[in-house]
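A look at the structure
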Amino acid sequence: YLVRIAALFSLTICVLGQEYRPELPPPPAGPVQVSPNPNQRVVIPHEGAPGPDEQAIIQANSQEQEGDLVHLRGMVRIETSQMLLTADEVDYNQDTGDAEVRGHVHYENFETGEKLFCDHGYYNTETENGTFYEASGTAPSRVAPRPGLLTTSNPFYFQAKVAERREGHYLL
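Below: a short report on this structure. For clarity, every value in this text was computed on a predicted model and none was experimentally measured.

Some thoughts on the overall build of the chain
Looking only at helices and strands, the chain has one helix and nine strands in total. Its helices and strands in sequence order give the chain the pattern α-β-β-β-β-β-β-β-β-β, from N to C terminus. The proportion of buried residues among the 172 residues of the chain is 26%. When contacts within the chain are restricted to residue pairs at least 6 apart in sequence, long-range pairs at least 24 apart make up 36% of them. In the structure as shown, the chain presents an accessible area of about 12800 Å², 55% of it carried by carbon and sulfur atoms.

Things to note about the packing of aromatic side chains
Aromatic ring pairs are reported here in terms of the distance separating the ring centres and the angle at which the planes meet. Counted under the stated rule, the structure contains five aromatic pairs. Arranged with centres 5.0 Å apart and planes meeting at 50°, the rings of Y107 and Y123 form a pair that is tilted. You can see Y107 sitting in strand β5 (residues 98-109) and its partner Y123 sitting in strand β6 (residues 115-124), a full 16 residues away along the chain. Residue Y107 shares its accessibility class with Y123, and that shared class is buried. Taken together, a centroid distance of 5.4 Å and an interplanar angle of 35° make the contact between F158 and Y170 tilted. Highlighted residues: F158 in strand β8 (residues 156-166) and Y170 in strand β9 (residues 169-171), separated in sequence by 12 residues. Of the two residues, F158 and Y170, neither departs from the other in class, the shared state being buried. Members of the aromatic cluster, connected to one another through ring pairs, are Y107, Y123 and F132.

Rules used throughout
Residues numbered from 1 in each chain as written. Predicted model: local features only at pLDDT ≥ 70, side-chain atom pairs only at ≥ 80, totals over all residues. Heavy atoms only, no water. Helix = DSSP H or I, 4+ residues; strand = E, 2+ residues; numbered from the N terminus. Buried < 20%, exposed > 50% of the residue type's maximum accessible area, 1.4 Å probe, protein only. Contact = heavy atoms within 4.5 Å. Areas by Shrake-Rupley, 256 points an atom, 1.4 Å probe, with all protein chains shown as cover. Phe/Tyr/Trp six-rings, centres within 6.5 Å; stacked < 30°, edge-to-face > 60°.

Here it is in structure tokens:
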């Protein structure tokens, strides 16, 4: 009788101890290039954006052109490989890249992760400098981690009557 119980118990242990190991997926095709700087942000090009050497994509409900100056009205969208600028109205100089923006302005920089909302402003798509009025927005924190320093992935929030973007920095 004890032999039967011991045999049944050993079978139960063997059944419970089995594992299912699925087949591993194949390795990715081609070599994976790892950045030498692990802190460097990887920028993935967004769908539909022009290439780095291509001209800006300009869309609007209505467009009127006077030489190099284009008057854009209604759901205006100016997009380069690095940024997106939307507004209700834009006067854009195609030769210099200067844009005067008005009404529900939204600026987003894809490389740095900055997002800015404002009432009106001026922006140059070539130099990436601009002045925005009644502005608010976010910018990712750029703190170099080191021992003893607490860091966060939360962005910095800002709000100002005037925000100037000069050489990648904001002056509020």
